[in-house]
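Examining the three-dimensional arrangement
Residue strings, one per chain:
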Amino acid sequence: MRITVYSNDGSSSRQVADKLTNKLINNGFTMDAQTPEVVISVGGDGTLLSAFHRYADALDQIRFIGVHTGHLGFYTDWRDFEVDDLVVALQEDLGQSISYPLLEVKITYADTNEVQHFLALNEVTLRRYAATLRTDVYIKENFFESFRGDGLCVSTPTGSTAYGKSIGGAVLHPRLEAMQLTEIASINNRVYRTLAAPIVLPSDEWLLLRPSRTSDYVVTIDQFTFKDRPIESMQFKIAKERIQFARYRHTHFWDRVEDAFIGSKHEI
Ligand code: NAP
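Chains are numbered independently. Their residues run from 1 in the order of the written sequence. Only residues with pLDDT of at least 70 are given local features in this predicted model, and only at 80 or more are side-chain atom pairs given and counted; all residues enter the totals for whole chains, interfaces and linings. Heavy atoms throughout the structure, all of them, feed into the side-chain values; hydrogens and water do not.

1. Describing the domain arrangement of the chain
Domain assignment breaks the chain into domain 1 (2-97 + 246-267) and domain 2 (102-240). Residues are treated as being in contact if the distance between any of their heavy atoms lies within 4.5 Å. Taken together, the contact pairs 14 residues of domain 1 with 17 residues of domain 2. Summing both partners gives a buried area of about 1200 Å² for domain 1 against domain 2, and 75% of it is carried by carbon and sulfur. One speaks of a salt bridge when a side-chain nitrogen belonging to Lys or Arg is within 4 Å of a carboxyl oxygen belonging to Asp or Glu. Along the contact surface separating domain 1 from domain 2 lie zero salt bridges. What qualifies as a polar contact is a pair of N or O atoms within 3.5 Å, subject to a donor-acceptor requirement within protein and to the restriction that residues adjacent in sequence count only when both atoms come from side chains. The tally of links from domain 1 across to domain 2 stands at five residue pairs in polar contact (both at pLDDT 80 or more). Domain start and stop positions are those given by an automatic or database domain assignment. As used here, buried area is the combined drop in accessible area, with a 1.4 Å probe, of two parts when they are placed together.

Have a look at this one:
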């Protein structure tokens, strides 16, 4: 099995990554950062996001594993003190995996008509800081609303516990084949009107944003930020690609949510 260990720059993550790499080599695994079959990220959910983008062009050949150096995360099933157990699980690997949906965004720029495609694991946002964002929103071919406010966020089910949750989106179970549109500070008054609630779309529908002709947009795709290009349109759909995780153990999704966001167990 070809494995690579992908760590963030923190000293504790580097230490765990070095320890894990040595144990893997001593147990006969091949370390291969170019064409890995398994990518082990060491850090947090943010590190797993970075690892995903590093290997996004080979998703069909790769299973990911997340080792967290802090609390248990949403993409990270292993804690840093469990590297011995992880090596044993890899030795006994039978190819077990679970996969989750990704978001595909197609951005068409107004200045050059250039088209760019990106995959997102958490979410894509369109924002404007200098002035109000104005964009028409279409669902499939149909005009839905004219949005005014700070921005819009489209998230995957696994991204729904990240930025989407902070702006009032629902937490979606990752088995759902869906994407969620959440507003960021919409203006709603007698003149301007939006739904003012998150919406969840199924896999056979797509979203289209047609923003007003200006260039001071900020687009984020997971941890990446792109600025200051005039955007003709942004089309969102559930990608045909999925992210696969090697699954040697199962944490119930709602236990993970409870642990991350609620913590104290007080039954009435
Ligand atoms: P960051 O600003 O350094 O960290 C953002 C936080 O979001 C970290 O605590 C990270 O967990 C957590 N996180 C990432 N993905 C998550 C998920 N799917 N579910 C629950 N929590 C998640 O940025 P980063 O580490 O590069 O990650 C980029 C992501 O941060 C973006 O995709 C966005 O979703 C999120 N973000 C959230 C806010 C907000 O909620 N106001 C603002 C900016 C960015 P770890 O500590 O385990 O890495």
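2. Quick look at the site of the ligand
Here a residue counts as near a molecule or strand whenever at least one of its heavy atoms sits within 4 Å of it. Within the structure, the ligand sits among 16 residues, and D45, H68, E123, T161 and S166 are positioned closest to it. With respect to the ligand, the side chain of H68 contributes an N or O atom lying 2.8 Å from an oxygen atom. One of the backbone nitrogen or oxygen atoms of Y163 is found 3.1 Å away from an oxygen atom of the ligand. Surface accessibility in these figures is a Shrake-Rupley result with a 1.4 Å probe; residues are shielded only by whichever protein chains are displayed. For the ligand, whose free accessible area comes to 820 Å², the fraction covered by protein is 60%. Secondary structure follows DSSP: runs of H or I at least 4 residues long count as helices, runs of E at least 2 residues long count as strands, and numbering of each begins at the N terminus. For the shell around the ligand, the elements supplying multiple residues, two or more each, are helix 2 (45-54) and helix 4 (163-166). When residues are sorted by character, Ala, Val, Leu, Ile, Met, Phe, Trp, Tyr, Cys and Pro go into the nonpolar class, Asp, Glu, Lys and Arg into the charged class, and all the rest, Gly among them, into the polar class. Of the residues that constitute the shell around the ligand, the class distribution is five nonpolar, eight polar and three charged.

3. Concerning empty space enclosed by the protein
Grid spacing is 1 Å over the protein atoms alone, the probe is 1.4 Å, and a cavity is where that probe fits but cannot get out, while a pocket is an open set with protein on both sides within 12 Å along at least five of seven lines and lining residues have an atom within 4 Å of a point. Grid points are joined across faces, edges and corners, and a volume is the space filled by probe spheres set on the points. The tally for this structure, following the rule as stated, stands at one cavity of 30 Å³ or more. If you add up the space inside the largest cavity, you get close to 30 Å³. Taken together, F64, I65, G66, Y75, D77, W78, F245 and A246 make up the lining of the largest cavity. Mapped onto the lining of the largest cavity, the elements with two or more residues apiece are strand 4 (63-68) and strand 16 (231-246). The element best represented in the lining of the largest cavity is strand 4, accounting for three residues. Each residue belonging to the lining of the largest cavity can be placed in one class, and the counts come to six nonpolar, one polar and one charged.

4. Quick word on the environment of S160
Within the fold, S160 resides in the loop between strand 10 (142-155) and helix 4. We call a residue buried when its accessible area falls under 20% of the maximum for its residue type, exposed when it is over 50%, and partly exposed in between, using a 1.4 Å probe and counting protein chains only. Given a relative accessible area of 0%, S160 falls into the buried group. Once the C-alpha coordinates of S160 and H173 are considered, the two residues, 13 residues apart in sequence, prove to be 8.7 Å apart. In contact with S160, other than residues within four places in its own chain, are S155, K165, A170, V171, L172 and Q180.

5. Let's talk about the nonpolar core
Put simply, buried Ala, Val, Leu, Ile, Met, Phe, Trp, Tyr and Cys residues joined by side-chain atoms within 4.5 Å make one nonpolar core. By size, the foremost hydrophobic cluster in this structure holds 27 residues, and its most contacted members are V124, L207, M234 and F236. Among all residues touching F236, those that are not within four sequence positions of it are L103, E104, V105, V124, V154, M179, W206, L207 and L209.

6. Section: unusual backbone geometry
A negative phi angle is the norm for most residues apart from glycine, just as the trans form is the norm for most peptide bonds. The backbone phi angle of N113 is positive, close to 65 degrees, even though this residue is not glycine. Summarising the element assignment, N113 is placed in the loop between strand 6 (97-109) and strand 7 (115-120). Phi at D222 takes a positive value of approximately 50 degrees, unusual for a residue other than glycine. Structurally, the position occupied by D222 is in the loop between strand 14 (217-221) and strand 15 (224-227).

7. Examining helix 1 (residues 11-26)
Each residue after the first adds 1.5 Å to the expected span of a helix. The terminal C-alpha atoms of helix 1 lie 23 Å apart, and with 16 residues this matches the ideal 22 Å at 1.5 Å per residue to within 8%. Within helix 1, burial applies to S13, V16, A17, L20 and L24. Summarising the axial view, the buried residues of helix 1 lie within an arc of 100 degrees, below the 170-degree limit, and thus occupy one face. The exposed set on the far side of helix 1, more than 90 degrees from its buried face, consists of S11, Q15 and N26. In this fold, the buried residues of helix 1 make contact with strand 1 (2-7), strand 2 (30-31), strand 3 (38-43), strand 4 and helix 3 (83-91). In this description, one arc is meant: the one made by directions from the helix axis to the C-beta atoms.

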